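# Tertiary structure, described
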Amino acid sequence: MRPLRIELHKQDYLEIEWDDGKIHKYPLKFLRDESPDAGNKGETILWKHYAPPPKGPEKPGMYEIESITPVGNYAIQIKWKDGYDYGIYSWEVLRKFGEYLELKDNLHQDFDNH
């Protein structure tokens, strides 16, 4: 599972087309809030979990992408316009995020139709 295309759409969402034909759209707010780094999610060392520091106020550019850099053949690193660039988004994490968002959207549609 590898992306064939990664495209930013007007600072609204990131779209990834996967090699199996699946296309996922990731809202930028979701990607930033779910950034997979210890400062955002905390970390576990020797079975002890350390919570992340409290989040501060929202900063200008916090949900806008400045650049996307490949990391080897397995991930991308996103630099946000407020300077934040700590999370590395592996293909596996992005695929799971995409499946979660797809499921969430389908559940909303199911509930809205009843």
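Scoring rules and cut-offs
Residues numbered from 1 in each chain as written. Predicted model: local features only at pLDDT ≥ 70, side-chain atom pairs only at ≥ 80, totals over all residues. Heavy atoms only, no water. Helix = DSSP H or I, 4+ residues; strand = E, 2+ residues; numbered from the N terminus. Buried < 20%, exposed > 50% of the residue type's maximum accessible area, 1.4 Å probe, protein only. Polar contact = N/O pair within 3.5 Å; in protein donor to acceptor, adjacent residues only side chain to side chain. Contact = heavy atoms within 4.5 Å. Lys, Arg positive; Asp, Glu negative; His and termini not counted. Salt bridge = Lys/Arg side-chain N within 4 Å of Asp/Glu carboxyl O. Pairing = 2+ DSSP bridges. Axes fitted to C-alpha atoms, helices over the stretch in contact; angles between N-to-C directions. Core = buried A, V, L, I, M, F, W, Y, C linked by side-chain atoms within 4.5 Å.

Now for the side chain of histidine 24. Along the polypeptide, histidine 24 turns up in strand β3 (residues 23-27). Residue classification places histidine 24 among the buried residues on the basis of a relative accessible area of 3%. A polar side-chain atom of histidine 24 sits 3.2 Å from a polar atom in the side chain of tryptophan 18. Among all residues touching histidine 24, those that are not within four sequence positions of it are Leu14, Glu15, Ile16, Trp18, Arg95, Gly98, Glu99 and Glu102.

Take aspartate 37: it is sitting in the loop between α1 (28-33) and α2 (38-41). The buried charged residue aspartate 37 lacks any salt bridge, with arginine 32 as its nearest oppositely charged partner at 7.1 Å. Polar side-chain contacts of aspartate 37 include one of 2.8 Å to the side chain of serine 35. Polar contacts involving the side chain of aspartate 37 include one to the side chain of tyrosine 84, which spans 2.4 Å. The residues contacting aspartate 37, other than those within four sequence positions of it, are Gly42, Tyr84, Tyr86 and Gly87.

Time to look at the sheet that holds β3. By way of backbone hydrogen bonds, the strands of a sheet pair with one another, either parallel or antiparallel. Taking strand neighbours across the sheet as the criterion, the three strands line up as β1-β2-β3 in an open arrangement whose pairing is antiparallel. The two strands at the open ends of the sheet, each matched to only one other strand, are β1 (3-9) and β3. The mean angle between the axes of side-by-side strands here comes to 15 degrees, regardless of whether they run parallel or antiparallel. Of the strand pairs in this sheet, β1 and strand β2 (residues 13-18) are connected by six bridges, and their pairing is antiparallel. Counterpart to glutamate 7 in the pairing with β2 is glutamate 15.

The nonpolar side chains of a soluble globular protein tend to be buried, and buried together. One finds Tyr26, Leu31, Ile76, Ile78, Trp80, Tyr89 and Leu94 to be the most contacted residues of the largest nonpolar core, which totals 17 residues. Residue assignment for this core shows that the elements contributing at least two residues are β2, α1, β7 (75-80) and α3 (91-112). For this core, the leading source of residues is α3, giving four residues. Setting aside chain neighbours within four positions, we find tyrosine 26 in contact with Asp12, Tyr13, Leu14, Ile16, Trp18, Leu31, Leu94, Arg95, Phe97, Gly98 and Leu101.

Within this structure, the stated rule accounts for twelve salt bridges. In this structure, glutamate 66 and lysine 79 form a salt bridge, with 3.7 Å as the shortest nitrogen-oxygen distance. Residue glutamate 66 is found in strand β6 (residues 65-71), and its partner lysine 79 is found in strand β7; the two are separated by 13 residues along the sequence. Residue glutamate 66 is classed as partly exposed on the basis of its relative accessible area of 46%. For glutamate 99, the salt bridge goes to arginine 95, with nearest N and O atoms at 3.3 Å. Separated by four residues within a single helix, glutamate 99 and arginine 95 lie in helix α3, roughly one turn from each other. You can call glutamate 99 partly exposed: its relative accessible area is 39%. The class of arginine 95 is buried, set by a relative accessible area of 8%. Taken together, the shared-partner salt bridges connect Arg5, Glu7, Glu15, Glu17 and Lys25 into one network.

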